[in-house]
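What follows is the residue order along each chain.
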Amino acid sequence: MEIKATLKAKANKLPLTPGVYIMKDKNGSIIYIGKAKALKNRVTQYFGSDTNHSTKVRRMVENVADFEYILCDTEFEALILENSLIKQNQPKYNILLKDDKGYHYIKITDGDWPKLQWVKQKTKDGKYIGPYNSGAVVSNAVDEANKIFKLPVCNRTFEKPSKPCLNYHIGLCFAPCKFKTSIEEYAYTVKNAVAFIKKGGYSEEDIKRLKKEMEEAAERLDFEAAAKLRDRIEAVAKLRDKQKVVCSVNKNQDVFATACVGRLACVQILNFRNNRLSDQEHFIFEDYENKAELYSELLSRFYSKTDDIPNVIIVDELPQEKTVLEEWLSHKTDKNVKITVAQKGENKKLLDMCLSNASENLSKRLERTGKETSALNELAQLLNMNSAPRYIESYDISNTAGDENVASMVVFYDGRPLRSNYRKFKIRGFLGQDDYKSMAEVLDRRFAEYEKRQDQAFSRLPDLILLDGGKGQISAVLPVLKKYGINIAVFGMVKDSKHRTRAIATTGGDIAIKPTRRVFFLVTQIQDETHRFAITYHKSRKSKSMLYSELTSINGVGGKRIAILFKELKTLKAIKNASVEQLSSIRGIDRKTAENIYNHFHN
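Thresholds applied
- Here the residue numbering is sequential within each chain, running from 1 through the sequence in written order.
- Only residues with pLDDT of at least 70 get local features here, since the model is predicted, and only at 80 or more are side-chain atom pairs given and counted; chain-wide, interface and lining totals rely on the full set of residues.
- Hydrogens are left out, water is left out, and the side-chain values use all remaining heavy atoms of the structure.
- Secondary structure is summarised from DSSP: a helix means a run of H or I of at least four residues, a strand means a run of E of at least two, and numbering begins at the N terminus for each.
- Throughout, the radius of gyration refers to the C-alpha atoms, and the reference size of a globule is 2.2 Å times the residue count to the power 0.38.
- Only protein chains enter the accessibility calculation, which uses a 1.4 Å probe; a residue whose area is less than 20% of its type maximum is buried, one above 50% is exposed, and one in between is partly exposed.
- It only takes one pair of heavy atoms within 4.5 Å for two residues to be counted as in contact.
- Areas reported as accessible are Shrake-Rupley estimates using a 1.4 Å probe. Residue values count occlusion only from the protein chains shown.
- By the counting scheme adopted, Arg and Lys are positive, Glu and Asp are negative, and His together with the chain ends is not counted.
- Every charge is mapped to an atom, namely NZ of Lys, CZ of Arg, CG of Asp or CD of Glu.
- Any two strands with at least two DSSP bridges between them are considered paired.
- Two aromatic rings, drawn from Phe, Tyr or Trp (for Trp, its six-membered ring), form a pair once their centres lie within 6.5 Å of each other, and the interplanar angle then sorts them: stacked below 30 degrees, edge-to-face above 60, tilted otherwise.
- In what follows, salt bridge is the name for a side-chain nitrogen of Lys or Arg lying within 4 Å of a carboxyl oxygen of Asp or Glu.
- Pairs of N or O atoms are called polar contacts if they sit within 3.5 Å, as long as, within protein, a hydrogen donor faces a hydrogen acceptor (for residues adjacent in sequence, only side-chain-to-side-chain pairs).
- Patches here are clusters of residues that have more than 30% relative accessible area and form no salt bridge, with a 9 Å joining cutoff for like charges and a 5 Å cutoff for nonpolar side chains (Val, Leu, Ile, Met, Phe, Trp, Tyr).
- Predictor confidence is given residue by residue as pLDDT, running from a minimum of 0 to a maximum of 100.
- Axes here mean lines fitted to C-alpha atoms, for a helix over just the part in contact, with angles spanning 0 to 180 degrees between N-to-C directions.
- Definition used in this section: a nonpolar core is a set of buried Ala, Val, Leu, Ile, Met, Phe, Trp, Tyr and Cys residues joined via side-chain atoms within 4.5 Å.

### Side note on the overall build of the chain
Move 1: Helix and strand counts for the chain stand at 20 helices and 19 strands.
Move 2: For 603 residues, the compact-globule estimate of 2.2 N^0.38 gives 25 Å, and the C-alpha radius of gyration of the chain, at 35 Å, exceeds that figure by more than 25%.
Move 3: For the chain, the spread of C-alpha atoms along the principal axes amounts to about 120 × 70 × 45 Å.
Move 4: In the chain, buried positions account for 48% of the 603 residues.
Move 5: In the chain, of all internal contacts separated by at least 6 residues, the share reaching a separation of at least 24 is 61%.
Move 6: Within the structure as shown, the chain displays about 31,600 Å² of accessible surface, and the carbon and sulfur contribution to it stands at 50%.
Move 7: Across the chain, the centroid of the 100 positively charged side chains sits 4 Å from that of the 77 negatively charged ones.

Given below as structure tokens:
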């Protein structure tokens, strides 16, 4: 606490100007680098109250022993400096793209007869295109270029004519080893292949240009050149036919969407070049707090690694620093870059597809199906929650005109029932029927158990509480949460006249759920399971009550003797079928009582 107070005092002396701050641990190692529009305001937040801090920030602040700062003229300059320092120092607490498989490059080898290759590391020889984030896009680009331009992939040097390999015979190489090809002609072909890669493939305009060149070559009787152009056009057409083409409205754009369950998030990225899907990748983050904050850091890190930046970046929520990020990206790529949220049309469909893929990849991490993960994300959107609830508790009351008043607590974890954490409650605070008081009593007892931490089912707070009922039930339990100082989202589940789930209840009204959406089936499953568990417990209590009533009507039989009978004979059927001798042989049951029991069931 003493160090924290010292650091806060130091932070209070910072100027209200843009800059970069550098957090260090007790060994002087840099553990976090950040930027700020106003250094004083941003840095003092770290050393004040930590109630609004994420887990990652709290852990970082606990390890800060000192900090340095660098003043900048603008927030834009601070962003550039921050990126540069993070690249150099790789601080522990800055977001790392953990699923990144490293940089990938396209290499043009040295010599008179250069080859196109894809590599993971730069060396001193050759020329390079990149870096690229994905190995798949690099290998596909090299493979496409070599096939379309029929470039050799062997290790030959072609100074002397030689027998061509299999690739020539199957139409994949123009065989400079067999035909007399000049170094200049070969270099020109490689130059075209490199241009093809840099453009991300041929557009429709490029194909039209090639066809025109082919026709012009044929007209001047240069049939060899015309044949090469024809083969190139056909190769492009064949490759496109093999690919699953997904079109985008913008020629070049990237789409980002995030699926999250609790603190775990998956960011999916779809890359479109020349109006078609060229690559995709995803990243998993384990300390997710806020999507807008995540995108601010992620977009900065992601595009600092590459010069392949599209004109349009579509996201499902705008980053906190949208304006400065657009300025930085536009400056970096020397073209106008826009970050936008797709609301409708084709781009909204692409965003939905991206989100679906994010849910699928997240589900693999959670060992859940894509539908289950999507349903949880839909539930979060419906309830305006920052992230999808992983741990959901649901409550229902069951009684018969106030008799045998009981409640059920059902738990769903990552979209599936967690039956080991189901719990039952017998209402004991009052007699009669009052669902509101019953619900309040149950939640009060549940959170009292949380403070004791003796039952594993009660030792964890849920991300979401669902009540079988409407506004009245919600209003009844909110004072209970306030009493314990607990801030958890509480909603009701409302049924229609046919006892089918129709809406989510809030204190301000109902939120309708479309029956075609996955969230509808999830909420219905939760409501039905909670009701089933409550009804089952109520019937069990009712049955035992009736049984108890029947046995106590026998002369000489009370609560203790009923317990003895069930301990020895287990069931009512066994008690009914027992003889006087069997009954009287039970310790605690005398002959007279045994005869009374036998006569009750047989006369």
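Here the narrative resumes, following the displayed structure.
### Digging into the environment of G429
Move 1: By the secondary structure assignment, G429 is in the loop between β15 (423-426) and α14 (435-452).
Move 2: Residues G429 and G171 lie 258 residues apart in sequence; the distance between their C-alpha atoms is 86 Å.

### Topic: the pairing of strand β12 (residues 391-400)
Move 1: For β12, the tally of buried residues reaches 9 of 10 residues, placing the bulk of the element in the interior.
Move 2: Sheet analysis places β12 next to strand β16 (residues 464-468), joined by 4 bridges and oriented parallel. Bridging across to β16, I392 finds its partner in L464.

### Topic: the packing of aromatic side chains
Any two aromatic rings considered together are summarised by their centre-to-centre distance and by the angle between their planes.
Move 1: One pass over the structure, following the stated rule, counts 19 aromatic pairs.
Move 2: Summarising the aromatic geometry, the rings of F256 and Y295 are spaced 6.5 Å apart at their centres and angled 75° between planes, so their arrangement reads as edge-to-face. You can see F256 sitting in strand β7 (residues 253-261) and its partner Y295 sitting in helix α10 (residues 291-304), a full 39 residues away along the chain. The exposure classification of F256 matches that of Y295, with both residues buried.
Move 3: With 4.9 Å between their ring centres and 85° between their planes, F302 and Y303 make a pair best called edge-to-face. A single burial state applies to F302 and to Y303, both of which are buried.

### Here's the deal with the side chain of D396
Move 1: Tracing the chain through its elements places D396 in strand β12.
Move 2: Notably, D396 is buried but unbridged: the nearest opposite-charge side chain belongs to K495, and the N-O separation is 6.4 Å.
Move 3: Among the polar contacts listed, one links the side chain of D396 to the side chain of H531, at a separation of 3.0 Å.
Move 4: For D396, the contacting residues outside a window of four places in its chain are V406, A407, S408, M439, D468, T530, H531 and A534.

### Remarks on the pattern of salt bridges
Move 1: Scanning the model with the defined rule gives 29 salt bridges in all.
Move 2: For E449, the salt bridge is made with K452, and the minimal N-O distance between the two is 3.4 Å. Residue E449 and its partner K452 are both found in helix α14; the two are separated by 3 residues, about one turn of the helix.
Move 3: For K452, a relative accessible area of 48% corresponds to the partly exposed category.
Move 4: One network of salt bridges, with partners in common, ties together K35, E82, R301 and E321.

### Details of a nonpolar patch on the surface
Move 1: A contiguous nonpolar surface patch, about 280 Å² in accessible area, is contributed by L166, I170 and L172.
Move 2: With respect to the helices and strands, the residue L166 is situated in helix α6 (residues 166-169).
Move 3: Using a relative accessible area of 60% as the deciding quantity, one classes L166 as exposed.

### Quick look at the confidence of the model for the chain
Move 1: In this model, the chain carries a mean pLDDT of 84, and residues with pLDDT of at least 70 account for 92%.
Move 2: Confidence drops under pLDDT 50 across residues 241-245; counting only partners more than four residues distant or on other chains, this segment forms 4 contacts.

### So, the sheet that holds strand β3 (residues 66-71)
Move 1: A sheet is described by the order of its strands in space; here 3 strands give the open sequence β2-β1-β3, paired in antiparallel fashion. Two strands lie at the open edges of the sheet, namely β2 (30-36) and β3, each paired on one side alone. For this sheet, the mean angle separating the axes of adjacent strands, direction not counted, is 20°.
Move 2: For strand β1 (residues 19-24) and β3, the ladder comprises 6 bridges, and the chain directions are antiparallel. Counterpart to I22 in the pairing with β3 is E68.

### Structural notes on the nonpolar core
Move 1: With 31 residues, the main nonpolar core has L362, L379 and I392 as its most contacted residues.
Move 2: Put simply, the parts of the chain that give this core at least two residues each are β7, β8 (264-273), α12 (345-366), α13 (370-382), β13 (403-413), β16, β17 (489-495) and α16 (518-552).
Move 3: Ranked by the residues each element gives to this core, the list is headed by α16, at 6 residues.
Move 4: The residues touching L379, leaving out its near neighbours within four places in the chain, are P389, I392, L464, V519, L522 and V523.
Move 5: Within the second largest apolar cluster, 26 residues are counted, among which are A407, M409, V442 and A505.

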